[in-house]
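# Structural features, examined
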Amino acid sequence: MTRASLHRCLIAIFVALALCSPRTPAIAQQPAGTQGPGPKRPTPDAATFALVGAVVHTATGPAIPGGTVVVRDGRIAVVGGGAPPVDVPTVRAEGLHLYPALIEADAVLGLVEIDAVRSTRDDAEKGPLNANARADLAFNPDSQLLPVALSAGIMTAVVTPRGDAIAGRSAVMRLSGWTREDMTVKAPAALHVRWPKMGIERAPWSTPAKKQEKARREALHDIDEAFENGRAYAAARKAGATEERDVQWEALAAAVRGEIPVLVSADGVDEIAAALRWSEKRHLRMVLLGGRDAWRLAKPLATAGVPVVYTAQLALPQRVDEPYDVLYRAPATLVAAGVKVALSSGAAGSNARYLSDLGGRAHAWGLDALESLRAITLRPAEIFGFADRLGSITAGKEATFFLADGDILDTRTHVLRAWVQGREIDLRDRQKALYDRYRNRPR
């Protein structure tokens, strides 16, 4: 056995042990029909009940003290302050706060279980062009990270593939359910493009400048040529010039026709400006993802009607003359300019639970409380086109919400009970189980 073969063999043994170990159930598959340590699975029957007495934060207007929300067949029927109907069961919630479910606008939940274990990652395909890749097909409904997010009030996520230039298509997924089919809210939701770096790195250890310039030219050419092919394919299909179907061009054609937005990852001011010019030239529905320097281009973004999924709140300032809190204040700056902003952790699925903290930080650095709540509820739903079903507590929408013991923008607040499509879910998760197990261990 060669040294390389021995190395591969040891890695395979390590991964196999990790998969089989009772201490690492994060990647274990739960047999159908059983109850694991995750959330209780929804029952087939949608619920009908009235929730009475809570402070109702609708996300569309001022909170309603002592409100009443009536749910019929899994949908919100009435939101107001009157007495509940006599023909439905009542849930008393005096002293508590009712919020619409939080929405993570950029996540790898269900695609990545343990970041350091390659066999548990399914978030990126090989090669620069993967428009046909679909996040909903790779989604793992038994991920142990989903119950952790549910415990933080996050019940819906825009799951976005990573990868190279054209990474694939995002999907809006519920985080509670049996299968990926019944957990899919909308697929595809967007086409993900990673914009190349426009500048040249000059550090001594960097790739030679000419190689960087060549890589940038090729990446821009690949992206533009792919969209041109998608445009030609869409035109040919519309004219009946071809009956052949190509999954790659079919996916691009949907973005070219404006049926789904193009989610462009870019952080630097040069990259954002270049992506903005490109999307305007091609008449695309662009959504900016990342947006570290977006506050510097707030007016052009607002003029172009480009929303921002802002993920840079916890990053460090990039320039020595920037104030320490410039990225904390960025959401307020963008909203003041007229940009629609959704907040996201933009990180591994295990950190999605910090979403409410991002809303609280935005509020602490200038964004008003209602808009901060909208940035983690209603705005993601509007940006990705499912606000008719989720994002606020409004009559006609799905009854997907949670009860908390305080202001959800305050990190001291706990999520106490939660409902998805009118069905109450179990909020147990692996982190709580470990906490209960070890809190009283002998010392």
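Here the structure is a predicted model, which is why all the values come from computation and not from measurement.

### Details of the side chain of S344
Position of S344 relative to the elements: it lies in the loop between strand 14 (341-343) and helix 10 (355-364). Polar side-chain contacts of S344 include one of 2.4 Å to the side chain of E104. Looking at S344, its side chain comes within polar contact range of the main-chain nitrogen of G346, at 3.0 Å. Apart from the residues within four sequence positions on either side, S344 is in contact with E104, A105, D106, V309, Y310, T311, L355 and L358.

### Some points on the sheet that holds strand 16 (residues 415-420)
The strand order across the open sheet formed by five strands is 2-6-15-16-17, and the pairing between neighbours is mixed. Single-partner strands in this sheet number two, and they are strand 2 (55-56) and strand 17 (423-425). Pairing of strand 2 with strand 6 (residues 97-100) involves two bridges; the strand directions are parallel. The partner of V55 across the bridge, within strand 6, is H97.

### Thoughts on the environment of M173
Within the element layout of this structure, M173 appears in strand 9 (residues 166-174). For the pair formed by M173 and V185, sequence separation is 12 residues and the distance between their alpha carbons is 5.4 Å. The contact partners of M173, leaving out residues within four places of it in the chain, are D136, F139, M155, T156, A157, V159, R180, M183, T184 and V185.

### A look at the packing of aromatic side chains
Inspection of every chain in the model, using the stated rule, returns six aromatic pairs. Here W195 and W278 contribute two aromatic rings whose centre-to-centre distance is 5.3 Å and whose plane-to-plane angle is 50°, an arrangement assigned as tilted. With W195 in the loop between strand 10 (184-194) and helix 5 (209-239) and W278 in helix 7 (residues 269-282), this residue pair connects regions lying 83 residues apart in the sequence. The same class applies to W195 and to W278, which are both buried.

### Examining the sheet that holds strand 3 (residues 68-72)
In a beta sheet, neighbouring strands are held together by backbone hydrogen bonds and run either parallel or antiparallel to one another. Overall, mixed pairing links the four strands, which are arranged 4-3-1-5 in an open sheet. Looking at strand neighbours, the two that pair on one side only are strand 4 (75-80) and strand 5 (90-92), the edges of this open sheet. Sheet twist, expressed as the mean angle between neighbouring strand axes with direction ignored, is 20°. With five bridges connecting them, strand 3 and strand 4 associate as antiparallel partners. Directly across from T68, in strand 4, lies its bridge partner G80.

### Re the packing of helix 5 against helix 6 (residues 247-256)
Interhelical geometry of helix 5 versus helix 6 gives an angle of 85° and a closest axis separation of 8 Å. Considering their axes alone, helix 5 and helix 6 lie roughly perpendicular with respect to each other. Contact residues: A226, F227, N229, G230, R231, Y233 and A234 in helix 5; W249, E250, L252, A253, A255 and V256 in helix 6. Counted by class, the contact of helix 5 with helix 6 contains nine nonpolar, two polar and two charged residues.

### Side note on the nonpolar core
One finds L109, L175, W195, F227, L288, L301 and F402 to be the most contacted residues of the largest nonpolar core, which totals 82 residues. Setting aside chain neighbours within four positions, we find F227 in contact with I166, L191, V193, L252, A255, V256, V262, W278, R282 and L284. In this structure, V172, V185, A189 and V287 belong to the second largest nonpolar core, which totals 17 residues.

### Brief notes about the pattern of salt bridges
Applying the stated criterion to the full structure yields 29 salt bridges. Of the charged contacts in the structure, one is a salt bridge between D426 and R428, with a shortest N-O distance of 2.8 Å.

### Notes on the packing of helix 5 against helix 7
Contact pair helix 5 / helix 7: the axes reach a minimum separation of 12 Å and the direction vectors enclose 15°. With respect to their mutual orientation, helix 5 and helix 7 come out roughly parallel. Viewed along their axes, helix 5 and helix 7 form a crossing whose handedness is right-handed. In this structure, helix 5 contributes I223, D224, F227 and E228 to the contact, and helix 7 contributes W278, K281 and R282.

### Regarding the layout of surface pockets
Roughly 690 Å³ of volume is contained in the largest pocket. The wall of the largest pocket is formed by 30 residues, among which W195, K197, S265, A266 and D267 lie closest to the centre. The set of elements that each furnish at least two residues to the lining of the largest pocket consists of strand 10, strand 11 (262-266), helix 7 and strand 12 (286-290). For the lining of the largest pocket, the leading source of residues is helix 7, giving three residues. In the lining of the largest pocket, the residues fall into nine nonpolar, nine polar and 12 charged. Lining the second largest pocket are 19 residues, and of these S151, A152, T411, T413 and H414 sit closest to its centre. For the lining of the second largest pocket, the secondary structure elements donating two or more residues are helix 3 (145-151), helix 10, strand 16 and helix 13 (430-438). Element by element, the count of residues in the lining of the second largest pocket is highest for helix 13, at three residues. Here the residues of the lining of the second largest pocket are counted per class, giving seven nonpolar, six polar and six charged.

### Here we look at helix 9 (residues 326-337)
With 12 residues, helix 9 should cover 16 Å at 1.5 Å per step; its first-to-last C-alpha distance of 16 Å lies within 8% of that length. Those residues of helix 9 lying buried are V326, L327, A330, P331, A332 and L334. Against the buried residues of helix 9 lie helix 8 (298-304), strand 13 (308-310), strand 14 and helix 10. Just beyond helix 9, the residue with positive phi is G338, at close to 105°.

Definitions and limits used
- Residue positions are given per chain, counting from 1 as you read along its sequence in written order.
- This being a predicted model, a pLDDT of at least 70 is required before a residue's local features are given, and a value of 80 or more before pairs of side-chain atoms are given or counted; all residues contribute to the totals for chains, interfaces and linings.
- Calculated side-chain values reflect all of the structure's heavy atoms, with hydrogen atoms and water omitted.
- Think of it this way: any DSSP run of H or I at least four residues long counts as a helix, any run of E at least two long counts as a strand, and we number them from the N terminus.
- Throughout this description, a polar contact denotes any pair of N or O atoms lying within 3.5 Å of each other; where both atoms belong to protein, one of them has to be capable of donating a hydrogen while the other can accept it, and for residues adjacent in sequence the pair is counted only when both atoms sit in side chains.
- We call two residues in contact whenever any of their non-hydrogen atoms come within 4.5 Å of each other.
- One bridge is not enough; two strands pair if DSSP finds at least two bridges between them.
- Two rings belonging to Phe, Tyr or Trp (six-membered ring only in the last case) form a pair when the distance between their centres is within 6.5 Å. Interplanar angles under 30 degrees mark stacking, angles over 60 mark edge-to-face geometry, and anything in between is tilted.
- Under the scheme applied here, a residue whose accessible area is under 20% of the maximum for its type counts as buried, over 50% as exposed, and between as partly exposed, the area being computed with a 1.4 Å probe on protein chains only.
- Axes, fitted as lines to C-alpha atoms, cover a helix only where it is in contact. Angles between the N-to-C directions of the axes lie from 0 to 180 degrees.
- Throughout, the term roughly parallel applies to angles under 35 degrees, roughly antiparallel to angles over 145, roughly perpendicular to angles from 65 to 115, and oblique to all others.
- Residues were grouped as follows: Ala, Val, Leu, Ile, Met, Phe, Trp, Tyr, Cys and Pro as nonpolar; Asp, Glu, Lys and Arg as charged; and all remaining residues, including Gly, as polar.
- Here, the term nonpolar core denotes a set of buried Ala, Val, Leu, Ile, Met, Phe, Trp, Tyr and Cys residues that are joined through side-chain atoms within 4.5 Å.
- Basic side-chain nitrogens of Lys or Arg form a salt bridge, by our definition, when they fall within 4 Å of a carboxyl oxygen of Asp or Glu.
- The hand of a helix crossing depends on one turn: near helix anticlockwise from the far one by less than a right angle means left-handed, and clockwise means right-handed.
- A cavity here means a set of 1 Å grid points, computed over protein atoms only, where a 1.4 Å probe fits but cannot escape. A pocket is an open set with protein on both sides within 12 Å along at least 5 of 7 lines, and lining residues have an atom within 4 Å of a point.
- Grid points are joined across faces, edges and corners, and a volume is the space filled by probe spheres set on the points.
- Each helix should span, by expectation, one fewer than its residue count multiplied by 1.5 Å.

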